[in-house]
Amino acid sequence: MYELKREIESDWWEVEALYDLCFAPGREALSSYRLRDGVAPVAELTCVARDGDAILAGAIRFWPVRIAQAEALLLGPVAVHPTRQGEGLGGALIRDSLARAQESGWERVMLVGDAPYYAKFGFHRLSGVNMPPPTNPERVLGLALREGAWDGIAGDVTRYA
């Protein structure tokens, strides 16, 4: 059993250590990190999952971005500790945070990821939405939290200023 709760300031470095463990060294060199640099995550959507012993098992963060004049959420990173993978925790983090994003009035979410995995949450490939290079366009995915929210949205993804 896990408790999902909002990430707080004292969780930051523990979450960063989890991301370092789960992702390749140099993860911060990825193009998505250039969009996060100097921008705070969306605090009400960041979430950690802790087990009954209060040990960090997973985490998810979201960042605001722009595509032309449209606002969107950039989901990620989401990580589950290797000893806890395969238990459905990643899916729980994603579903819970997407529901909260919708309740908070966000209209669209995007990410860079594996299409077959994220399709089960409703994500699909976004054509015409360009992440900074060298992002593979096949991995740029989006989800409308309001019907039609991605209609007509195209352009470069930029930092939220």
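Residues numbered from 1 in each chain as written. Predicted model: local features only at pLDDT ≥ 70, side-chain atom pairs only at ≥ 80, totals over all residues. Heavy atoms only, no water.

K.L.:
Is there a simple way to think about unusual backbone geometry in this case?
P.N.:
As a rule of thumb, non-glycine residues mostly have phi less than zero, and peptide bonds are mostly trans rather than cis. Of the consecutive residues glycine 76 and proline 77, the connecting peptide bond is found in the cis state with omega at 0°. Structurally, proline 77 is set in strand E4 (residues 70-80). Geometrically, the link from proline 133 to proline 134 is a cis peptide bond, its omega value of 10° lying close to zero. Its identity is not glycine, yet alanine 68 carries a phi of approximately 55°, on the positive side. Mapped onto the secondary structure, alanine 68 falls in the loop between strand E3 (56-67) and E4. Given the relative accessible area of 47%, alanine 68 is considered partly exposed. (Helix = DSSP H or I, 4+ residues; strand = E, 2+ residues; numbered from the N terminus. Buried < 20%, exposed > 50% of the residue type's maximum accessible area, 1.4 Å probe, protein only.)

K.L.:
What exactly am I supposed to notice about the side chain of arginine 36 here?
P.N.:
As for its placement among the helices and strands, arginine 36 is situated in helix H2 (residues 31-36). The buried category is assigned to arginine 36, whose relative accessible area is 8%. When neighbours within four sequence positions are excluded, arginine 36 is seen to be in contact with Trp63, Leu74, Leu75, Gly76 and Pro77. (Contact = heavy atoms within 4.5 Å.)

K.L.:
Hey, could you run me through the environment of serine 104 in this one?
P.N.:
Its location among the elements puts serine 104 in the loop between helix H3 (89-103) and strand E5 (108-112). In the structure, serine 104 is positioned 45 residues away from alanine 59 in sequence and 19 Å away in space, judged by C-alpha atoms. The residues touching serine 104, leaving out its near neighbours within four places in the chain, are Glu44 and Leu45. A polar contact of 2.9 Å, which involves the side chain of serine 104, links it to the backbone oxygen of arginine 100. (Polar contact = N/O pair within 3.5 Å; in protein donor to acceptor, adjacent residues only side chain to side chain.)

K.L.:
Whenever I open this one, helix H1 (residues 12-22) confuses me. Can you help?
P.N.:
Owing to its 3.6 residues per turn, the α-helix brings residues three or four apart onto one side. Among all positions of H1, only Val15, Glu16, Leu18 and Tyr19 are buried. Considered in projection along H1, the buried side chains sweep an arc of 155° and stay on one side of the axis. Taken together, the buried residues of H1 touch strand E2 (47-50), E3 and E4. (Arc of directions from axis to C-beta.)

K.L.:
Hey, could you run me through the packing of aromatic side chains in this one?
P.N.:
How two aromatic rings sit relative to each other is given by the distance of their centres and the angle of their planes. The full count for this structure, using the stated rule, is five aromatic pairs. Between tyrosine 117 and tyrosine 118 the ring centres are 4.9 Å apart and the planes differ by 90°, which places this aromatic pair in the edge-to-face class. We classify tyrosine 117 as partly exposed; its relative accessible area is 29%. Tyrosine 118 sits in the buried class, given a relative accessible area of 11%. Residues tyrosine 117 and phenylalanine 121 carry aromatic rings whose centres are separated by 5.5 Å and whose planes lie at 65° to one another, so their mutual orientation is edge-to-face. Classification of phenylalanine 121 as buried rests on a relative accessible area of 12%. The rings of Tyr117, Tyr118, Phe121 and Phe123 are connected pair by pair, giving a single aromatic cluster. Stacked on the ring of tryptophan 12, the Lys or Arg arginine 61 has its end atom at 3.7 Å from the ring centre. (Phe/Tyr/Trp six-rings, centres within 6.5 Å; stacked < 30°, edge-to-face > 60°. Lys NZ or Arg CZ within 6 Å of the ring centre and 35° of its normal.)

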